[in-house]
Amino acid sequence: MNLLYTEESKSKNRRFRFEGLHRIQFTLLETPQLFEKLRPFARLVVSKPNQIIWATLCVVGFLALIGNFQTLIDAVATPVDFRTYLVVGLASLSIMFLYEFAHGLVLAGFGGNPNSVGVMLFYFTPAFYCDISDGWRLRNNNRRVAVALAGIIFQLGVAGISCIIALFPISNEVSKGLLLFATLNYVSCIVNALPFIKLDGYLALMTHLDRPFLRENSMKLARTWTARS
């Protein structure tokens, strides 16, 4: 039944996976060996001191955004240089990959084994992915939630660092670019944190409640309640 993950089953894995029109995946790289080499660094990432540092960056960065709010309004309300838009777009694309890589890094830090990274069409939208299904083997529920939220937490930190840099005496155009980049990341975090579709917020909620089929069961209950009404 392919319930056991063996070398034989691994050799049968296909790079291309069709899981319905909402999710089409193509594996770029098998990553167990890569994350095994990165495990010492991953353990450092999930250590308590680094958690405190990263949380501080998130909070201070958001306060910096509020302090630089007028510059942000100017960046949104008035056009900026085309090169600024280009750099912000390329940086956002890079963050999409690192966002998924953060999931795997945190899982490796807690002793898990990320299986692969690749690209996919998620609801017809291009995206990267990291296979962290091994996270369900973690005994600590809080660690499983941390793996699910790793991308959002990473993105919040990156946005915070951008806002902090924008406070320094640099050119107005660079400050606008940094604040636009930070704002895009904050909006992305909000969308990914929504628990109503199968994004990171849903996975974290499902993990916290320890209900693997939370959405399916909720839909069944909703249909039953609607029928009775």
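All of these numbers come straight from a predicted model, not from anything done at the bench.

**Q** Just to check I follow, could you spell out the nonpolar core for this structure?
**A** Side chains of a nonpolar character, in soluble globular proteins, are inclined to be buried together. In this structure, Ala64, Leu65, Leu72, Ala159, Cys163, Ala166, Leu178, Leu179, Ala182 and Tyr186 together form the largest nonpolar core, which totals 10 residues. Of all elements in the fold, only α4 (48–67), α7 (141–166) and α8 (172–193) reach the threshold of two or more residues within this core. By residue number, the principal contributor to this core is α8, which donates 4 residues.

**Q** What should I look at first to understand the side chain of Asp134 in this one?
**A** Inspection of the secondary structure assignment puts Asp134 in the loop between β4 (125–130) and α7. Judged by relative accessible area, which is 12%, Asp134 ranks as buried. When sequence neighbours within four positions are dropped, the list of residues in contact with Asp134 reads Leu107, Gly112 and Asn113.

**Q** For this particular structure, what's the right way to read the pattern of salt bridges?
**A** If charged atoms from side chains of opposite charge come close, those side chains can pair. Taken as a whole, this structure holds 3 salt bridges when the rule is applied. Ionic pairing is found between Glu36 and Arg39, a salt bridge with its closest N-O pair at 2.8 Å. A residue is classified by how much of its surface remains accessible, and Glu36, at 45% relative accessible area, is partly exposed. Arg39 gets classed as buried once you look at its relative accessible area, which sits at 7%. The salt bridge partner of Arg137 is Asp134, with a shortest N-O separation of 3.0 Å. Residue classification places Arg137 among the exposed residues on the basis of a relative accessible area of 66%.

**Q** In this structure, what is going on with the packing of α4 against α7? I would like to understand it.
**A** The packing of two helices is summarised by the inter-axis angle and the distance between the axes. α7 packs onto α4 with a crossing angle of 50° between their chain directions and a minimal axis gap of 7 Å. Between α4 and α7, the angle falls in the class oblique. The two elements α4 and α7 cross, and the hand of that crossing is left-handed. Across the interface between the two elements, Trp54, Leu57, Cys58, Val60, Gly61, Ala64 and Leu65 of α4 pack against Ile153, Phe154, Leu156, Gly157, Val158, Gly160, Ile161, Cys163 and Ile164 of α7.

**Q** Even after reading the chapter, I still don't get the packing of aromatic side chains, so can you show me in this structure?
**A** The description of an aromatic ring pair uses the distance of the two centres, along with the angle that the planes make with each other. Following the criterion strictly, the structure yields 5 aromatic pairs and no others. Members of the aromatic cluster, joined through ring pairs, are Phe35, Phe97, Phe101 and Phe128.

Definitions and cut-offs
- Residues numbered from 1 in each chain as written.
- Predicted model: local features only at pLDDT ≥ 70, side-chain atom pairs only at ≥ 80, totals over all residues.
- Heavy atoms only, no water.
- Core = buried A, V, L, I, M, F, W, Y, C linked by side-chain atoms within 4.5 Å.
- Buried < 20%, exposed > 50% of the residue type's maximum accessible area, 1.4 Å probe, protein only.
- Helix = DSSP H or I, 4+ residues; strand = E, 2+ residues; numbered from the N terminus.
- Contact = heavy atoms within 4.5 Å.
- Salt bridge = Lys/Arg side-chain N within 4 Å of Asp/Glu carboxyl O.
- Axes fitted to C-alpha atoms, helices over the stretch in contact; angles between N-to-C directions.
- Parallel < 35°, antiparallel > 145°, perpendicular 65-115°, else oblique.
- Left-handed = near helix turned anticlockwise from the far one by under 90°.
- Phe/Tyr/Trp six-rings, centres within 6.5 Å; stacked < 30°, edge-to-face > 60°.

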